[in-house]
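Structure assessment
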Amino acid sequence: MAEAHTAPDAPALELDRIRRSFGNVLAVDDVSIDVAKGEFVTLLGPSGSGKTSTLRLIGGFEELESGAIKINGARIDHLPAYQRDTATIFQSGALFPHKTVAENIAYGLRMRGIPKAEMPARIKRSLEMVRLGGYEERYPSQLSGGQKQRVALARSMVVQPTILLFDEPLSALDLSLRLQLRSEIRRLHDEIGFSAIYVTHDQGEAMAMSSRVAVMNKGRIEQIDRPDRIFHAPANEFVHTFIGESCCLPIRLADGKAADLAGAPLALRLREDQADGDWRLYLRPARLKLGAQAVQTENRLAARIHFIEFLGDFHRYHLKAGALEFFADQPGDLGHSIGTEIDVGWQSADMRLYR
Amino acid sequence: MLEDAQRETIPPVARRRPDALLLRALALAFMVFIVLYIAIPIMITLTMSFNDASMIRFPILHWSLKWYRDFLGSPQWVDALGNSLIIAIGTMTISTVAGVLAAWVFERYKFPGRSALYLAIMMPLFMPGVVLGLGVAIAFGGLNIGGFAVYGSRGLVMLAHSLWAMPLVFMLMEATFRIIDHRIVEASYDLGGRPLRTFFEIVLPSVSTGIISSALFAFVISLNEFVMALFLTDRDTQTLPVLMWLSLRSAGTPRLAVAAVILASAVFASLVLILLWYIRQLRKTSR
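Residues numbered from 1 in each chain as written. Chains lettered and ligands numbered in written order. Predicted model: local features only at pLDDT ≥ 70, side-chain atom pairs only at ≥ 80, totals over all residues. Heavy atoms only, no water.

**Some details on the overall build of chain A**
On a plain count of helices and strands, chain A comes out with eight helices and 21 strands. Across its three principal directions, the C-alpha atoms of chain A cover 75 × 45 × 35 Å. Classification of the 355 residues of chain A by burial places 50% in the buried group. Of the side-chain charges in chain A, 44 are positive and 46 negative, and the distance between the mean point of each set is 3 Å. (Helix = DSSP H or I, 4+ residues; strand = E, 2+ residues; numbered from the N terminus. Buried < 20%, exposed > 50% of the residue type's maximum accessible area, 1.4 Å probe, protein only. Lys, Arg positive; Asp, Glu negative; His and termini not counted. Charge placed at Lys NZ, Arg CZ, Asp CG, Glu CD.)

This is the structure we're talking about:
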């Protein structure tokens with residue numbers, strides 16, 4: 001599958017303003033991403049945000065409307081899927097049901113003309129990589145969901161493509177298995193250093209595995225950056241609300257006084273003055289301080305405890321201030337009773353204002 | 001406590017309502033009737049084939065394999081059986097290849113006139129054999145290609161039988177293709193499998209049960225078909241059912257029963273083959 005004109009220092013994958021629509025819906029709208037060699041880039045977004053469509057365009061399962069896709073510097077968007085140096089791990093695994101595990105893994109090698117003598121060793125090595133040594137002769141129906149995904153991973157990795165494409169491979173598994181497999185994919189990436197695009201709607205997965213995360217919405221990339229930057233420095237309101245949990249407080253500022261949108265005054269003190277007008281104030285519930293702890297914070301709001309939920313690891317305090325309702329997560333029971341007036345405080349870094 | 005004790009003393013039989021019992025008895029009786037109704041003609045024919053007498057008639061005085069020997073010793077009957085098998089195998093091949101490919105095209109591609117073509121393919125299945133047989137007979141009646149008379153040839157009967165068998169294969173395979181996971185087709189492309197390779201190595205094996213069953217159905221349909229064969233064969237190419245009908249009009253010897261048993265055995269063998277293949281696949285792919 002080697003291309004004639006490959007540049008040695010070109011990125012593994014380049015997407016240059018690719019576009020694709022289905023009917024009236026622009027599924028992928030001017031998306032550009034470079035994936036460096038060895039980089040693990042995640043496409044994160046709600047369903048319908050165009051992340052899977054983007055992946056399918058790269059794999060060759062959908063046709064490009066405009067733009068260019070390059071692998072190792074050479075254009076591949078005119079090539080059919082079977083001539084592209086990519087390998088996809090599908091959501092369902094998509095193992096060939098009538099072939100054994102070994103035959104499934106051998107398939108890609110055979111299609112690439114690898115000598116028969118080399119195969120058993122490569123199959124064995126790839127199965128050991130995904131910790132399924134000795135499973136060669138099983139049929140897919142004899143495997144659990146997690147094992148199927150491991151075989152799918154081995155089947156894609158064994159052909160050593162320039163870029164691996166992950167299409168929500170863990171979304172059909174239950175939570176503990178998902179956590180386990182995601183750290184194994186991370187381990188394999190650290191060991192082997194493959195280049196990958198990983199599609200998911202699970203931000204935990206995106207944060208844990210990625211070199212960079214591209215947050216997608218309505219076919220566009222809202223922000224592409226390191227996971228910590230995405231979390232701490234969201235480029236816009238969508239990224240902020242999509243990543244992590246946050247409460248939205250719609251407020252009105254006028255003449256240095258704050259009120260809710262109905263006009264009832266709020267006892268809100270912000271460290272830095274904001275321009276007059278309507279704002280959406282976003283707070284991270286886990287970062288809020290209550291009562292005495294609020295004294296040392298930079299911003300403050302007086303609220304009343306509406307009710308308290310016990311959620312295992314923490315207590316969720318549901319609060320009311322004027323017409324605003326929000327909540328604060330506290331590690332323990334603070335001993336406050338319902339109806340108590342309480343100070344809520346937070347640092348400026350944990351707050352975002354949009355209008 | 002008291003309530004619990006009371007409930008336990010009620011015997012389980014009393015909870016069965018009499019009307020439920022009646023319904024069960026009726027269902028059982030009906031089932032027995034249907035099974036007998038299916039089995040009786042076959043059993044009588046089977047019994048009759050071992051009759052030593054020269055007429056199909058009860059009571060059977062002597063048992064023998066005489067008529068089996070007679071059947072196998074008669075070139076006319078053996079030829080008819082041969083014709084039936086050749087035509088059935090030919091029909092099976094034509095209609096399976098055509099039906100599977102047509103079903104794949106329908107499942108895989110969208111094209112204009114799709115529904116109209118679907119209707120056209122399925123139409124012959126609902127046509128009376130007389131109509132189809134007559135139509136083919138008229139159309140190919142005097143046709144000669146390079147000195148070869150098309151009319152009366154086995155090939156023409158195969159094509160005629162495929163008018164019924166192919167839509168059946170098509171219908172079964174369309175349903176089968178619809179339930180295969182299209183991701184495995186994509187996975188094959190993804191790993192470098194070209195379309196033709198993918199079709200033969202990934203698509204066909206994963207629908208093998210459907211293909212084997214529909215092929216054997218096509219075989220059975222052709223083996224059983226009588227009316228079209230009557231219209232389209234001559235003395236040299238006539239099939240077993242045709243010869244049976246002709247000989248029934250002259251003499252009802254137990255040879256007819258033998259022919260019937262042989263025909264039924266071929267059908268039965270086909271069904272057993274389908275079942276065996278199904279079990280084999282089930283063992284391979286079931287969880």
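**Focus: the environment of serine 84 of chain B**
All names here are of chain B. Take serine 84: it is sitting in helix α5 (residues 75–108). Taking C-alpha positions, serine 84 is 10.0 Å from methionine 158, a pair spaced 74 residues apart along the chain. Contacts of serine 84, omitting those with residues within four sequence positions, involve Leu223, Thr239, Leu240 and Pro241. (Contact = heavy atoms within 4.5 Å.)

**Regarding the pairing of strand β20 (residues 341–346) of chain A**
As paired strands, strand β16 (residues 289–290) of chain A and β20 of chain A are joined by two bridges and run antiparallel to one another. Bridge pairing links leucine 290 of chain A to valine 344 of chain A in β20 of chain A. (Pairing = 2+ DSSP bridges.)

**Some remarks on the packing of aromatic side chains**
In total, this model carries 22 aromatic pairs over all chains according to the counting rule given. Seen from their ring centres, phenylalanine 238 of chain A and phenylalanine 242 of chain A are 5.6 Å apart, and the 10° between their planes marks the pair as stacked. Here the residue phenylalanine 238 of chain A and the residue phenylalanine 242 of chain A both occupy positions in helix α8 (residues 237–242), the gap between them amounting to four residues, near one helical turn. Judged by relative accessible area, phenylalanine 242 of chain A falls into the buried class, the value being 19%. Measuring from centroid to centroid gives 5.4 Å for phenylalanine 199 of chain B and phenylalanine 200 of chain B, while their planes differ by 75°, and the two rings are edge-to-face. The buried category is assigned to phenylalanine 199 of chain B, whose relative accessible area is 8%. Judged by relative accessible area, phenylalanine 200 of chain B falls into the exposed class, the value being 53%. An aromatic cluster of three or more residues is present, and its members are Phe40, Phe166, Phe194 and Tyr198 of chain A. Note that arginine 155 of chain A overlies the ring of phenylalanine 96 of chain A, its terminal NZ or CZ placed 4.7 Å from the centroid. Sitting above the plane of the tryptophan 277 of chain B ring, arginine 280 of chain B keeps its charged end 4.5 Å from the centroid. (Phe/Tyr/Trp six-rings, centres within 6.5 Å; stacked < 30°, edge-to-face > 60°. Lys NZ or Arg CZ within 6 Å of the ring centre and 35° of its normal.)

**Quick look at the state of the cysteines**
Residue and element names in this part refer to chain A. Following the criterion strictly, the structure yields zero disulfides over all chains and no others. This cysteine, cysteine 247, is not joined by any disulfide, and cysteine 248 carries the nearest cysteine sulfur, 8.9 Å off. Classification of cysteine 247 as buried rests on a relative accessible area of 6%. (Disulfide = S-S within 2.5 Å.)

**Digging into the domain arrangement of chain A**
Residue and element names in this part refer to chain A. For chain A, the assigned domains read domain 1 (13–242) and domain 2 (247–354). With eight residues of domain 1 at the contact, the number on the domain 2 side is six residues. In total, domain 1 and domain 2 occlude about 750 Å² of area from one another, counting both sides; carbon and sulfur atoms represent 46% of this. When the buried surface of domain 1 facing domain 2 is broken down by residue, Phe231, Glu237 and His240 rank first, second and third, together holding 72% of it. Taken together, the links from domain 1 to domain 2 amount to one salt bridge. A salt bridge links glutamate 237 to arginine 280; the nearest nitrogen and oxygen atoms lie 2.6 Å apart. At the boundary of domain 1 and domain 2, one finds three residue pairs in polar contact (both at pLDDT 80 or more). Secondary structure elements with two or more residues in the side of domain 1 that touches domain 2: α7 (227–232) and α8. (Domains from an automatic or database assignment. Buried area = accessible area lost by both parts, 1.4 Å probe. Salt bridge = Lys/Arg side-chain N within 4 Å of Asp/Glu carboxyl O. Polar contact = N/O pair within 3.5 Å; in protein donor to acceptor, adjacent residues only side chain to side chain.)

**A look at the nonpolar core**
In terms of nonpolar packing, the biggest core is built from 34 residues, with Val100, Phe170, Met173 and Phe177 of chain B touching the most fellow members. Put simply, the parts of the chain that give this core at least two residues each are α2 (101–111) of chain A together with α5, α6 (114–122), α8 (154–179), α9 (182–190), α10 (195–206) and α11 (208–224) of chain B. At six residues, α8 of chain B tops the list of elements feeding residues into this core. Non-local contacts of phenylalanine 177 of chain B, meaning those with residues more than four positions away in its chain, are made with Val100, Ala103, Trp104, Glu107, His182, Val203 and Val207 of chain B. Ranked by size, the runner-up nonpolar core spans 33 residues in total, among them Met119, Leu132, Leu153 and Phe166 of chain A. (Core = buried A, V, L, I, M, F, W, Y, C linked by side-chain atoms within 4.5 Å.)

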